Amino acid sequence: MIEIRGLQKFYGNHQVLKGIDATVSKGEVVCIIGPSGSGKSTILRCINGLESYSGGSVEIHGQRVDNKSRSIKAIRTEVAMVFQRFNLFPHRTVMENVIEGPVYVKGEDRASATERGRALLASVGLADKENARPPQLSGGQQQRVAIARALAMQPEAILFDEPTSALDPELVGDVLGAMRKLAEAGMTMVVVTHEMQFAREVADRVLFIDGGVIVEQGPPKALLNFPQHARTQDFLRRVLHPM
Amino acid sequence: MQQFLHNAREFLPILLQGAWLTIQVTLGSLALSTLLGLVWAAMRVSGIPLLANTAAAVINLLRGLPIIVLLFFLYFVMPDVGISLSAVQAGILGLGIAYSAYQAENFRAGIEAVDHGQSEAACAMGMGWWLTMRRVVLPQAVKIVLPPYGNIMIMMLKDSSQASTITVAELALQGKLIATSTFQNATVFTLVALIYLVMCVPLILLVRHFEKRGRK
């Protein structure tokens with residue numbers, strides 16, 4: 001459902017993406033790994049038009065993603081996003097965060113959105129937090145609210161931009177658990193992550209990005225256990241054995 | 001002291017009339033400057049270069065003009081092009097326009113102080129510019145903007161005295177008139193100062209309230 005062809009992106013004279021080709025099918029979980037500054041997040045942000053791109057194309061269901069076109073809002077309601085720093089709305093309660101999109105973007109009535117919101121919060125283990133404000137929650141709880149907020153839009157796919165990188169280590173598990181449940185339920189997911197264990201167990205396919213190109217891709221076990229390229233081998237060695 | 005109280009009883013009714021006009025001018029120009037300030041600020045953060053640059057130019061122009069010059073223009077020059085304003089109208093208009101520049105910069109700073117991730121999250125769920133502003137950015141910006149807004153209110157109350165230069169008989173001008181006709185300078189200007197202070201106290205308390213709320 002997501003089709004990326006020859007994607008290029010410049011920041012000034014610096015080329016961040018040098019021609020990325022990738023497709024994500026419905027129900028597929030794709031993890032993108034790679035060193036910082038390799039362009040992982042930029043790919044994600046091009047998929048829902050948070051960034052414009054300089055060349056190539058991104059299409060969702062055959063519809064071109066262009067952040068200047070009118071269709072971009074509709075595309076964004078189909079492809080939700082979870083951010084590294086949660087980006088919950090601190091002036092609203094947890095429930096208000098969850099129903100914000102359905103009510104104000106999609107025009108759903110508040111009662112039914114709230115009902116669905118309750119079920120979603122329960123599914124991420126936060127049934128008792130609906131009246132709390134985000135700053136009162138731990139990072140792990142906030143990120144799970146963010147996942148519920150993304151799900152509330154009933155999207156066809158969810159993009160995760162390093163969803164556990166801002167969390168204390170002991171809180172990472174709850175968030176990854178919620179994401180694993182989603183994957184098992186058949187959600188289409190593109191996950192930029194440094195969690196190799198998650199990629200290994202949950203992903204259908206892993207892309208290794210370095211220097212703005214896909215260096216290597218494949219099923220997680222093959223790529224993570226038997227990387228073919230020197231850059232992949234080097235990166236994995238550093239990540240898996242940092243000492 | 002006896003003499004002071006006696007004089008005060010005589011002068012106060014006139015001074016209070018002036019104070020009432022001061023309040024009217026302040027409230028009028030406050031409303032106008034807030035409205036105009038919101039317009040300039042919205043233009044500046046609109047992301048549309050033509051609007052943003054126009055607003056920036058207007059703000060710089062207004063900041064570079066002394067209020068008194070603006071008042072003279074409105075009251076003495078505008079009649080030449082066929083627009084005659086009463087002194088109070090010109091006063092409210094002049095102060096309102098002059099202060100809209102400071103209001104705009106305050107509003108803009110508040111809007112820009114809201115974490116960029118907030119508008120990004122709103123954008124990512126399909127919100128447009130206006131919905132993002134209304135539902136996400138402005139409610140958070142208000143908290144940041146209110147304490148300086150209170151300070152601007154205090155400054156406007158005091159600067160309303162500049163309207164005296166175009167014959168608005170507000171508190172400062174009434175004081176000056178009484179002083180020149182009675183030579184009771186000390187009594188009159190002490191009273192004038194006290195009345196300004198009394199009017200400022202509620203505003204100062206309001207600012208303190210805003211600051212407390214903003215910290216929550």
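Keep in mind it's a predicted model, so treat the numbers as computed, not measured. (Residues numbered from 1 in each chain as written. Chains lettered and ligands numbered in written order. Predicted model: local features only at pLDDT ≥ 70, side-chain atom pairs only at ≥ 80, totals over all residues. Heavy atoms only, no water.)

A. Representation of the overall build of chain B. A tally of regular secondary structure across chain B gives 8 helices and 0 strands. Beginning at the N terminus, the succession of helices and strands in chain B can be written as α-α-α-α-α-α-α-α. Dimensions of chain B along its principal axes, counting C-alpha atoms only, are 70 × 50 × 20 Å. When the 216 residues of chain B are sorted by exposure, 45% land in the buried category. The contacts in chain B between residues at least 6 apart in sequence include a share of 78% that link residues at least 24 apart. Of the roughly 11000 Å² of accessible surface on chain B, 69% is carried by carbon and sulfur atoms. Between the centroid of the 14 positive side chains of chain B and the centroid of its 9 negative side chains there is a distance of 10 Å. (Helix = DSSP H or I, 4+ residues; strand = E, 2+ residues; numbered from the N terminus. Buried < 20%, exposed > 50% of the residue type's maximum accessible area, 1.4 Å probe, protein only. Contact = heavy atoms within 4.5 Å. Areas by Shrake-Rupley, 256 points an atom, 1.4 Å probe, with all protein chains shown as cover. Lys, Arg positive; Asp, Glu negative; His and termini not counted. Charge placed at Lys NZ, Arg CZ, Asp CG, Glu CD.)

B. Representation of the confidence of the model for chain B. For chain B, per-residue confidence averages 93 on the pLDDT scale, and 99% of positions sit at 70 or higher. Quick note on the complex model: pTM equals 0.84, ipTM equals 0.89. (pLDDT = per-residue confidence, 0-100.)

C. Main features of the interface of chain A and chain B. Contacts between chain A and chain B engage 21 residues on the former and 17 residues on the latter. Together, the buried faces of chain A and chain B total about 1700 Å²; carbon and sulfur atoms form 60% of this surface. Our count for the chain A to chain B interface comes out at 2 salt bridges. The partner of R45 of chain A in a salt bridge is E120 of chain B, and the shortest N-O contact between them spans 2.7 Å. For the pair chain A and chain B, the interface holds 8 residue pairs in polar contact (both at pLDDT 80 or more). Counting only elements with at least two residues in the side of chain A that touches chain B, the list comes to helix 2 (72–78), strand 6 (79–82) and helix 3 (94–105) of chain A. Considering each element in turn, the side of chain A that touches chain B owes the most residues, 4 residues, to helix 3 of chain A. (Buried area = accessible area lost by both parts, 1.4 Å probe. Salt bridge = Lys/Arg side-chain N within 4 Å of Asp/Glu carboxyl O. Polar contact = N/O pair within 3.5 Å; in protein donor to acceptor, adjacent residues only side chain to side chain.)

D. Spatial organisation of the sheet that holds strand 10 (residues 213–218) of chain A. Residues and elements named next belong to chain A. Reading across the sheet, the 6 strands line up as 6-7-8-3-9-10 and stay open at both edges, with mixed pairing between neighbours. Every other strand in the sheet has two partners, leaving strand 6 and strand 10 as the edge strands with one partner each. The mean angle between the axes of side-by-side strands here comes to 20 degrees, regardless of whether they run parallel or antiparallel. Pairing analysis gives 4 bridges linking strand 3 (residues 29–33) to strand 8 (residues 188–192), with the strands arranged parallel. Looking across to strand 8, one finds that I32 is bridged to V192. Taken strand by strand, helix 1 (residues 40–47) contacts strand 3, strand 6, strand 7 (157–161), strand 8 and strand 9 (205–210), and its axis lies near 150 degrees from that of strand 7. (Pairing = 2+ DSSP bridges. Axes fitted to C-alpha atoms, helices over the stretch in contact; angles between N-to-C directions.)

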